[in-house]
Amino acid sequence: MKIGNRIFDVEQDCYIIGILNVTPDSFSDGGRWNTMEKALRHSEEMIREGAAILDVGGESTRPGHKKISVQEEIERVVPVISQLKRNFDIPVSIDSYKSEVVEAALEAGADMVNDIWGLKYDLKVADCIARYQVPCCLMHQRRKAVYECFMEDMKQDLMESVEIAKRAGITKEQVILDPGVGLGFGKTYVQNLMVIHRLEELCRLGYPVLLATSRKSVIGLTLNLPTEERLEGTLVTTVLGVEKGASFIRVHDVKENLRAIRMAQAIIKEGRGKI
């Protein structure tokens, strides 16, 4: 898969996507990187630690988050994306589900779109992605955690997003799927654990899979820990993601998660008798 000017071996390797929230209210790091100087310094650190892609978000998606205007979101993300592309040689993703924001970000140089509504919130996002011919990550989300058969319904929902992409002219080679781990994404605590445990079922759909569990509530509830103490729990989910076939892991803590990926890959490779 090509993202920006880089080729990603999504069948054989697993890559880190570093989270860059330029927001004052994100659940884990709100306000830490919402000035240009801080954002660039943190980006440089994540690149040095091994991030393969940077994912820039301008609106928090935590439960109960405050919605902001399209213009405010654009004003948060576009200058940062422009500076990232000017200062660093790394693919940059825009984390947004609004077509005006996506368009502005792609115009500023973003290489990928990360849509937490899987193209279902704003159908113009799909047209924008197709027009700029960039890859996209389609995340699963429902407004309520109501399912007849959770895993089957979720896979069907994701394939509906894929169909929207196809109709817009987005090719299969441009699509990544994300199960959307999070209590704010239409899943209960138990359903979040289930989708991590059964991630290989999504990998069998034929698209690269992105796992994004970093510091999330499913870890906090399991271990009874605040966001700043959820690294070890995140590392466990990262290792499971690698074992089950994830191609991308989206995290706050790049260095530690990359080490976990490399260790897991070495064990898996030895177990398959390839060393």
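The structure displayed is predicted, hence computed values, not measured ones.

Draft legend 1. The packing of helix α9 (residues 231–244) against helix α10 (residues 254–271), seen in detail. Between α9 and α10, the shortest axis-to-axis distance is 9 Å and the interhelical angle comes to 35°. Taken as a pair, α9 and α10 cross one another with a handedness that is right-handed. Between α9 and α10, the residues in contact are Leu231, Thr234, Leu235, Thr238, Val239, Val242 and Glu243 and Glu256, Asn257, Ala260, Ile261, Ala264, Gln265 and Ile268, respectively. Across the contact of α9 with α10, the residue classes break down as 8 nonpolar, 4 polar and 2 charged.

Draft legend 2. Structural view of the sheet that holds strand β4 (residues 53–57). Here we have 8 strands laid out as an open sheet, ordered β8-β7-β6-β5-β4-β3-β10-β9, and parallel in their pairing. Strand pairing shows two members of the sheet lacking a second neighbour, β8 (175–178) and β9 (210–211), which therefore form its edges. One ladder, built from 3 bridges, connects strand β6 (residues 112–115) with strand β7 (residues 136–139); its direction is parallel. Opposite Asp115, over in β7, you have Leu138 as the bridge partner.

Draft legend 3. Summary view of helix α4 (residues 124–132). The set of residues buried in α4 consists of Val125, Ala126, Cys128, Ile129 and Ala130. For α4, the secondary structure elements touched by its buried residues are α3 (99–107), β6, β7 and α5 (150–168). Following α4 by one or two positions, Gln133 has its phi on the positive side, about 55°.

Draft legend 4. Up close: α5. Helix length check: α5 (19 residues) gives 27 Å between terminal C-alpha atoms against 27 Å at 1.5 Å per residue, within 8%. If you check which residues of α5 are buried, you get Phe150, Met151, Asp153, Met154, Lys155, Asp157, Leu158, Ser161, Val162, Ile164 and Ala165. Tucked inside the fold, the buried residues of α5 contact α4, β7, β8, α6 (189–197) and α7 (199–203). Just downstream of α5 lies Gly169, where phi reads positive at about 105°.

Draft legend 5. Here's a closer look at the pairing of β8. On β8, burial covers both faces: Val175 and Leu177 on one face and Ile176 and Asp178 on the other are all buried. Two elements, β7 and β8, share 4 bridges in a ladder whose sense is parallel. Bridge pairing links Cys136 to Val175 in β8.

Calculation rules
Residues numbered from 1 in each chain as written. Predicted model: local features only at pLDDT ≥ 70, side-chain atom pairs only at ≥ 80, totals over all residues. Heavy atoms only, no water. Axes fitted to C-alpha atoms, helices over the stretch in contact; angles between N-to-C directions. Helix = DSSP H or I, 4+ residues; strand = E, 2+ residues; numbered from the N terminus. Left-handed = near helix turned anticlockwise from the far one by under 90°. Contact = heavy atoms within 4.5 Å. Nonpolar A, V, L, I, M, F, W, Y, C, P; charged D, E, K, R; others polar. Pairing = 2+ DSSP bridges. Buried < 20%, exposed > 50% of the residue type's maximum accessible area, 1.4 Å probe, protein only. Expected span 1.5 Å × (residues − 1).

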